[in-house]
Structure formats: C-alpha cells, structure tokens
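Each chain, letter by letter, is given below.
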Amino acid sequence: MSRAILVTGGTGQVGTAIVRENGGRFDVVAPTRAELDLGDVGAIEAMIAGRDWAAVINCAAYTAVDRAESEGDVAFAVNAEAPGALARATAARGIPLLHVSTDYVFDGSKAEPYREDDPVHPLGVYGASKEAGEQAARAGNPRHIILRTAWVVSPWGANFVKTMLRLGAERSELRVVADQIGCPTGATDIARALLTMAERLIADPDAPVGTYHFVNAGEASWHGLAEAIFGHVAAGGGAVPVVLPIPTSEYPTPAKRPMNSRLATDKIARDYGIAARDWRVMIEEVVGELRA
Ligand SMILES: NC(=O)c1ccc[n+]([C@@H]2O[C@H](COP(=O)([O-])OP(=O)(O)OC[C@H]3O[C@@H](n4cnc5c(N)ncnc54)[C@H](OP(=O)(O)O)[C@@H]3O)[C@@H](O)[C@H]2O)c1
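Residues numbered from 1 in each chain as written. Predicted model: local features only at pLDDT ≥ 70, side-chain atom pairs only at ≥ 80, totals over all residues. Heavy atoms only, no water.

### Structural notes on the packing of helix 5 (residues 160-170) against helix 9 (residues 279-291)
Just so we agree on the cut-off: Lines are fitted to the C-alpha atoms to define the axes, a helix being fitted only along its stretch in contact, and any angle between axes, read from their N-to-C directions, falls within 0 to 180 degrees. Secondary structure elements are defined from DSSP: runs of H or I of at least 4 residues count as helices, runs of E of at least 2 residues count as strands, and each element is numbered from the N terminus. Here is the rule for angles: anything less than 35 degrees is roughly parallel, anything more than 145 is roughly antiparallel, 65 through 115 is roughly perpendicular, and the remaining ranges are oblique. Crossing handedness is defined as follows: a turn of the near helix away from the far one that is anticlockwise and smaller than a right angle gives a left-handed crossing, while the clockwise case is right-handed. By the convention used here, residues are in contact when the closest approach between their heavy atoms is within 4.5 Å.
At their nearest, the axes of helix 5 and helix 9 sit 11 Å apart, and the two run at 50 degrees to each other. The pairing of helix 5 with helix 9 is recorded here as oblique in orientation. The handedness of the crossing between helix 5 and helix 9 comes out as right-handed. Residue-level contacts link Val-161, Lys-162 and Leu-165 of helix 5 to Ile-283, Val-286, Val-287 and Leu-290 of helix 9.

### Comments concerning helix 4 (residues 125-140)
For an α-helix, 3.6 residues make a turn, and residues three or four places apart therefore share a direction. What counts here: Working rule for helices: expected span equals 1.5 Å times residues minus one. Three labels apply to residues, based on accessible area from a 1.4 Å probe with only protein chains included: buried if under 20% of the type maximum, exposed if over 50%, partly exposed otherwise in between.
Compared with an ideal rise of 1.5 Å per residue, which puts 16 residues at 22 Å, helix 4 spans 22 Å between its outermost C-alpha atoms and is within 8% of the ideal. Within the sequence span of helix 4, burial applies to Tyr-126, Gly-127, Ser-129, Lys-130, Glu-131, Gly-133, Glu-134, Ala-136, Ala-137 and Gly-140. Its buried side turned inward, helix 4 meets helix 3 (72-92), strand 4 (97-102) and strand 5 (144-149).

### Some details on the pairing of strand 1 (residues 4-8)
Inclusion rule: Only strands joined by at least two bridges in the DSSP assignment are considered to pair. When the strands point away from the viewer and the path from the first strand over the helix to the second turns clockwise, the crossover is right-handed.
Most of strand 1 sits out of view: 5 of its 5 residues are buried. Of the two faces of strand 1, both are covered, the one formed by Ala-4, Leu-6 and Thr-8 as well as the one formed by Ile-5 and Val-7. Where strand 1 lies against strand 2 (residues 27-29), 3 bridges are found, and the strand directions are parallel. Bridging across to strand 2, Ala-4 finds its partner in Asp-27. A crossover connection joins strand 1 to the parallel strand 2 through helix 1 (residues 13-22); in handedness this β-α-β unit is right-handed. Across 4 bridges, strand 1 lies against strand 3 (residues 55-58) in parallel orientation. Its bridge partner being in strand 3, Ile-5 is matched across the sheet by Ala-55.

What follows is the structure, encoded as structure tokens:
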C-alpha cells in the first residue's frame, strides 16, 4: 500500500512541522510554491495524478489576514478554488483529503468555545475565503477532514511569538490587545494531530470524516500570551519589556478579528483519541527552541 503523502504549504508553519514530525512514518512530499503553485488548477490536477498518493494534506493558504482585504482575488484563488481542485482530484482517485481551516470562519460573538456545527459568519475577506474553501472541500471529496485551528505559533515562519521576541528586544514597553481571547496552538501539535488522522484514514475506509476543531488546551488573550512568552525569556535571564494591556479599539487593523477565537476540541478527542496538551507547555517549548 502506498505511504506517499502530499503536503502543500511545506514551507509554512504547519507544513514544516509535518515534515519534522513525520519521523519516517510516511513518504512525505512537500513541494515548494515554485514546484506547485496553488493558483494553477491544472498544476494541482497534474500533481495529484502524478503519483499513487495515500493522502493529501493541504496546509497551504493565503494567510495575510489584513492584506486579504485588498487582495480578495488571490486569497480566494488559494484558499477556496485550490481546495476545491484538490478535493475533486483526490475524490476521483479515492484519496482522503485533510484540509486545514481557521477560527476566522466565526465572528467571535459566542460566549463559549465554538463547536464544529456552530453557524459560520466570517468578519473579513480572509475568513470568507477560508469558509469558501471549507465548502469546496466538503462538496468535492466525501472523504475529507476539515481541521479548524487557531492562533498558530512555532519556532519558524511568521507568528506572534517571533514578533514579540523581536519587538521585546527593540523596545522597553509593548502594548498588546487584551480583550481578544483564543487558544494558542503549536504548529507541531497540529502536525501530530494531522498525521494521526491521516494514518487512520489510510488504514480504515470507515474512519470518521468531516469537520473537526483542534487547538491546544486552555485559553489566553494576546496580552496573556505575551506575558507567558516574556516570563520564559525572563526565567532564562533575558531582558524583557513592560507589556501593557490595551483594548482592540486602540489597535485598529484593516481586517476585523473575532473577539472569541476559542474552539472546543471534544469531537476530535472522542473520534480520534487526540488530546491537546496545555498551551503553556507548548509555549515554553517554542520559546526555548527560539532562544536556544
Ligand atoms: N497562522 C495562524 O495563526 C492560523 C490560524 C488558524 C488557521 N490557520 C490555517 O492553518 C494553515 C497553515 O497556516 P500556517 O500558519 O502554516 O501558514 P503560513 O506559515 O503562512 O504558510 C502558508 C504556506 O502556504 C504556501 N502558499 C501560499 N500561497 C501559495 C500558492 N499560491 N501556491 C503554493 N503555496 C502557497 C506558502 O508558501 P510560501 O512559503 O511560498 O509563501 C506557505 O508554505 C492554513 O490553512 C491557515 O489558514 C493558520
């Protein structure tokens, strides 16, 4: 049986983590954008037809949330049309598709963590493009997993931890939004979840499919996350800035963000036995790796 897995977005946070975490389990092929441009539907079809893939994991996305407000065409091409093409091409060959999505499909008005069947209502173009991608993946391939995650951090790529460490080294005081809450999540943790799900989907034609939420356990505001990051820097003897809490209204951005980004993870725990570790443990690891 084929053990070849196609991972798109292999240079991104989650794609890099999959390559690192795979550990020889699968024959992972992670083409660069130059090798597979997801804006090119013909190239997607040729890539899927070119090998006997056991599964496809789509980690590629247009992730520039604010820029998407003025680049809707590109965002929809990568985040909606490409997942649709991947879904149709994989379905035609009976290949399961695992597609990564986002908390930004929700508007954040719910008081509790979001569940998989809560109604979606994106606030911006990025969220709308990701929501369209979910629909395209569902419609195109019945053997799909849509894995929604949030607040992704890692020692590589662009993310909040790296931004805080850079700004903290430059300034004595930082002002960080304290009224948006979410679940900081390690790209490594997402990669482990995706590899576990892929393994089961490949082995078991009756493995559960559909939409799942995965984030690390616990919750924080961006301000709380910044304090945790600098707590580890200080514990390691590094100089840290003062981190002042501010409301979202004092940090205007082109795209509106959900005030509540928390996702409930009991479904993935029940169906796949995947338990999320606490975000504080994950953050200590990420900061440690970045400072090593
Ligand atoms: N980051 C977050 O906080 C967050 C939160 C919730 C959900 N997510 C979702 O998680 C998934 C992974 O996110 P991430 O943080 O790993 O993203 P990322 O670090 O921004 O990486 C995005 C990847 O997509 C690739 N890509 C973009 N446009 C492409 C194109 N036209 N053709 C081929 N590849 C293209 C990038 O390639 P280049 O290196 O060439 O640009 C990169 O490898 C995405 O589905 C994202 O929507 C992310």
